[in-house]
Structure formats: C-alpha cells, structure tokens
Amino acid sequence: MEIRTEQEGKWITPMYGRFLTQSSATKDEDRVVAKQVYIPLDESNDEWTEITKEDAEHVSSRQRKLQEVK
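Residues numbered from 1 in each chain as written. Predicted model: local features only at pLDDT ≥ 70, side-chain atom pairs only at ≥ 80, totals over all residues. Heavy atoms only, no water.

1. Things to note about the sheet that holds strand 1 (residues 2-5)
Taken in spatial order, the three strands make up an open sheet running 1-2-5, and their pairing is antiparallel. Since the sheet does not close on itself, it has two edges, and those belong to strand 1 and strand 5 (37-40), each with one partner. Each strand axis lies, on average, 25 degrees off the axis of its neighbour in the sheet, ignoring direction. Relative to strand 5, strand 2 (residues 9-13) runs antiparallel, the two being bridged by four bridges. Directly across from I12, in strand 5, lies its bridge partner V37. (Pairing = 2+ DSSP bridges. Helix = DSSP H or I, 4+ residues; strand = E, 2+ residues; numbered from the N terminus. Axes fitted to C-alpha atoms, helices over the stretch in contact; angles between N-to-C directions.)

As structure tokens, this is what we get:
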C-alpha cells in the first residue's frame, strides 16, 4: 500500500491489481471498494486494507444483488 501525504490529507493507493476496503466494515453491503482514497491527515491508515480483485468483485456482486431485492 502506498501512502502519499499532502498538506491537508493523504492518498492511499493499493498495490497493483488490488483494491482498498474499510477494515471496520463487516458486512459486504456496508463496504466501500476503491482503487484510491483520500483521507484527512488525522485519520488512521488502519481503517483501510487491501483486498484482491476477486474479493472486490465478490463484494460488488453482493451489493448489486442486494440492490435488486430492494
């Protein structure tokens, strides 16, 4: 994971071919999946963790299925 600090925040970018998601989100429907996030300087990097492309696709698929039910 690469972390680039700027004046007011920081960019977090996963390794090539991976995605980021929130460590604290336990349900797929609550997860954010991203290629890059910008967070405030005082927010912990530990909130974000890397996942594989397959895991990201699983989360996205689950979220789409839940939207179809609504």
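So, next bit.
2. Side note on the environment of Q36
Tracing the chain through its elements places Q36 in the loop between strand 4 (33-34) and strand 5. Among the residues examined, Q36 registers a relative accessible area of 37% and is labelled partly exposed. Along the chain, Q36 and L66 lie 30 residues apart, while their C-alpha atoms are 24 Å from each other. If we skip the residues at most four places from it in the chain, Q36 touches W11, I12, T13 and L20. Here the side chain of Q36 touches T13 through a polar contact of 3.0 Å, side chain to side chain. (Buried < 20%, exposed > 50% of the residue type's maximum accessible area, 1.4 Å probe, protein only. Contact = heavy atoms within 4.5 Å. Polar contact = N/O pair within 3.5 Å; in protein donor to acceptor, adjacent residues only side chain to side chain.)

3. Considering the side chain of K10
Tracing the backbone shows K10 in strand 2. The buried charged residue K10 lacks any salt bridge partner; its closest oppositely charged side chain belongs to D42, at an N-O distance of 7.5 Å. Of the polar contacts made by the side chain of K10, one reaches the backbone oxygen of E43; its length is 3.0 Å. Separated by 2.9 Å, the side chains of K10 and N45 make a polar contact. Apart from the residues within four sequence positions on either side, K10 is in contact with I3, R4, T5, V37, Y38, I39, P40, L41, E43 and N45. (Lys, Arg positive; Asp, Glu negative; His and termini not counted. Salt bridge = Lys/Arg side-chain N within 4 Å of Asp/Glu carboxyl O.)

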